Amino acid sequence: MLMRRSATAVRVWAPAKVNLFLEVLARRPDGYHELATLMAAVSLYDTLEFTEKRSQTKFGNEEGATALRCDHPSLSTGPENLVCRAVELVRRESGRSDGVGIRLWKRIPMAAGLAGGSSDAAATLAGLNYLWRLGWDRSKLIRLGAELGSDVSFFFAAPAAWCTGRGEQIEPLRLSRALDFVLIAPPVGLSTAEVFRGVAVPSEPRSGAAIRQAVAAGDVRELGRQLHNRLQPAAERLCPAVADLFARLAGKGPAGQLMTGSGSTLFALCRQAGEALSLARALHSARDELGGARVFVVRSCD
Ligand code: C5P
């Protein structure tokens, strides 16, 4: 997560993530699922800008309002937006009641398994920590992130992490080389809760040891062979485009391909940046067959 302060504002670039491995270990009594997942942040960003906003009430007090503006017409900017919930959490935790103006430029597809909303929430915690000079350390931000959603905390440990529990227990990982991907995002998103409801919990879950080894060794071919997402069959039942696009990516012969998170986006893992560009070009030239899916060429974040 990249941050810049100007005289009047703090800007944060909030990356998307992909899951290279996602295993479901158990259903929990609280309605969540116990997971083991390997996540990597990638170079597709929403941008958020935070500015101080001081307004006076008729009694002369300062009023703490949140004014969120977003360039995406279908995203609600009301109190249920994860960004607004993150502001409220920071106010509660810090005791500050200052108003804040937020502009959000959305580029990460929504309900797509790329954690755009979670990344925006993480950026809000980090951005206000900086704007209001709260001095919170990373472990505090990780704890607050977990209150907002299962994959918010990851963004404080990016570029890569092994995540367990609901997804909020983070073990940062080093990527020994940059990874190149092509993302393909169908126009229809998927509800995370609905996908989880359809998942079959395996009696013998995969451990993920082999993919962790491949990441540590920087072995992209082996990484491609070890890609795994337990949620993909459930997502394919809800959205047949996922299976169709998966087969299309496989047909192009990348190191591997997979759905990310709870979908509906898929990615191809490529051996080098040049291969990602050629693959994206090939998809683009057959765009009439992609059912309106959008294609992005991205790289793992530093
Ligand atoms: O934590 P978050 O709000 O992102 O989760 C959205 C929904 O996804 C949850 O309400 C739950 O239904 C499902 N989920 C789950 N197990 C997880 C994470 C999410 O069942 N580990």
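Definitions and cut-offs
Residues numbered from 1 in each chain as written. Predicted model: local features only at pLDDT ≥ 70, side-chain atom pairs only at ≥ 80, totals over all residues. Heavy atoms only, no water. Helix = DSSP H or I, 4+ residues; strand = E, 2+ residues; numbered from the N terminus. Rg over C-alpha atoms; globule rule 2.2 N^0.38 Å. Buried < 20%, exposed > 50% of the residue type's maximum accessible area, 1.4 Å probe, protein only. Contact = heavy atoms within 4.5 Å. Areas by Shrake-Rupley, 256 points an atom, 1.4 Å probe, with all protein chains shown as cover. Phe/Tyr/Trp six-rings, centres within 6.5 Å; stacked < 30°, edge-to-face > 60°. Lys NZ or Arg CZ within 6 Å of the ring centre and 35° of its normal. 1 Å grid on protein atoms, 1.4 Å probe; cavity = no way out; pocket = protein on both sides within 12 Å on 5 of 7 lines; lining within 4 Å. Points joined across faces, edges and corners; volume = space filled by probe spheres on them. Nonpolar A, V, L, I, M, F, W, Y, C, P; charged D, E, K, R; others polar. Disulfide = S-S within 2.5 Å. Pairing = 2+ DSSP bridges. Axes fitted to C-alpha atoms, helices over the stretch in contact; angles between N-to-C directions. Salt bridge = Lys/Arg side-chain N within 4 Å of Asp/Glu carboxyl O. Near = heavy atom within 4 Å. Polar contact = N/O pair within 3.5 Å; in protein donor to acceptor, adjacent residues only side chain to side chain. Sits in = over half its atoms within 2 Å of the grid points.

Visitor: Even after reading the chapter, I still don't get the overall build of the protein, so can you show me in this structure?
Guide: Per the secondary structure count, the protein includes nine helices and 14 strands. At 20 Å, the protein has a C-alpha radius of gyration in line with the 19 Å of a compact globule built from 302 residues. On the principal axes, the C-alpha backbone points of the protein span a range of 65 × 45 × 35 Å. By the burial criterion, 51% of the 302 residues in the protein qualify as buried. Summarising the internal contacts of the protein: among those between residues at least 6 apart in sequence, 73% fall at separations of at least 24. When the accessible surface of the protein is summed, it comes to about 13500 Å², and 49% of that surface belongs to carbon and sulfur atoms.

Visitor: I'm lost on the packing of aromatic side chains in this one. Help?
Guide: Tallying each qualifying case throughout the model produces three aromatic pairs. An angle of 90 degrees between the planes, with centres 5.4 Å apart, marks the rings of Phe181 and Phe267 as edge-to-face. Of the two residues, Phe181 sits in strand 10 (residues 180–185) while Phe267 sits in strand 13 (residues 266–270), which places them 86 residues apart along the sequence. Residue Phe181 is classed as buried on the basis of its relative accessible area, which comes to 0%. For the cation-ring pair, Arg5 lies above Tyr130, with the distance from its terminal atom to the ring centre recorded as 4.7 Å. Taking the ring centre of Tyr32 as reference, the NZ or CZ of Arg166 above it sits at 5.1 Å.

Visitor: Explanation requested: the layout of surface pockets in the structure shown.
Guide: In this approach, a probe sized like a water molecule rolls over the atoms, and the result shows the empty space that is left. The calculated volume of the largest pocket comes to roughly 1100 Å³. Lining the largest pocket are 45 residues; nearest its centre among them are Ser118, Asp151, Thr192, Ala193 and Ser262. Of the residues contributing to the lining of the largest pocket, the split by class is 20 nonpolar, 17 polar and eight charged.

Visitor: Sorry if this is basic, but what is going on with the state of the cysteines here?
Guide: Structurally, a disulfide amounts to a covalent bond that connects the sulfur atoms of two cysteines. Per the stated rule, a full pass over the model turns up zero disulfides. Lacking any disulfide linkage, Cys70 is separated from the closest cysteine sulfur, that of Cys84, by 10 Å.

Visitor: How should I be thinking about the sheet that holds strand 13 in this particular structure?
Guide: One key point about sheets: their strands pair by backbone hydrogen bonds, in either a parallel or an antiparallel sense. With antiparallel pairing, the four strands of this open sheet are ordered in space as 12-13-10-14. Either end of the sheet is taken by a strand with one partner, and the two such strands are strand 12 (256–259) and strand 14 (294–299). For this sheet, the mean angle separating the axes of adjacent strands, direction not counted, is 20 degrees. Of the strands in this sheet, strand 10, strand 12 and strand 13 touch helix 8 (residues 240–251), which is tilted by about 15 degrees from strand 13. Where helix 9 (residues 273–285) meets the sheet, it contacts strand 10, strand 13 and strand 14, and its direction lies at approximately 20 degrees from that of strand 10.

Visitor: I would appreciate a short explanation of the pattern of salt bridges in the present structure.
Guide: Charged atoms that come close allow side chains of opposite charge to pair. Under the definition given, this model contains 18 salt bridges. When the shortest N-O distance is used, the salt bridge between Glu49 and Arg11 registers 3.0 Å. Remark: Arg11 occurs in strand 2 (residues 9–27) and Glu49 occurs in strand 3 (residues 33–53); sequence separation between them is 38 residues. Since its relative accessible area comes to 18%, Glu49 is described here as buried. What makes Arg11 partly exposed here is its relative accessible area of 31%. A salt bridge links Arg143 to Glu147; the shortest N-O distance between them is 3.7 Å. Placement of the pair is Arg143 and Glu147 together in helix 3 (residues 138–148), with a separation of four residues, close to one helical turn.

Visitor: Quick question: what am I supposed to make of the site of the ligand here?
Guide: Around the ligand sit Gly31, Tyr32, His33, Leu35, Gly149, Ser150, Arg166, Thr192, Ala193 and Phe196, and that is every residue in its neighbourhood. One nitrogen or oxygen atom from the side chain of His33 is found 2.7 Å from an oxygen atom belonging to the ligand. Bound to the protein, the ligand loses 74% of the 460 Å² it would expose on its own. Structurally, the ligand is housed in the largest pocket. Broken down by secondary-structure element, the contributors of at least two residues to the shell around the ligand are strand 3 and helix 4 (192–197). Broken down by element, the shell around the ligand gets its largest block of residues, three residues, from helix 4. A per-class count over the shell around the ligand returns four nonpolar, five polar and one charged.

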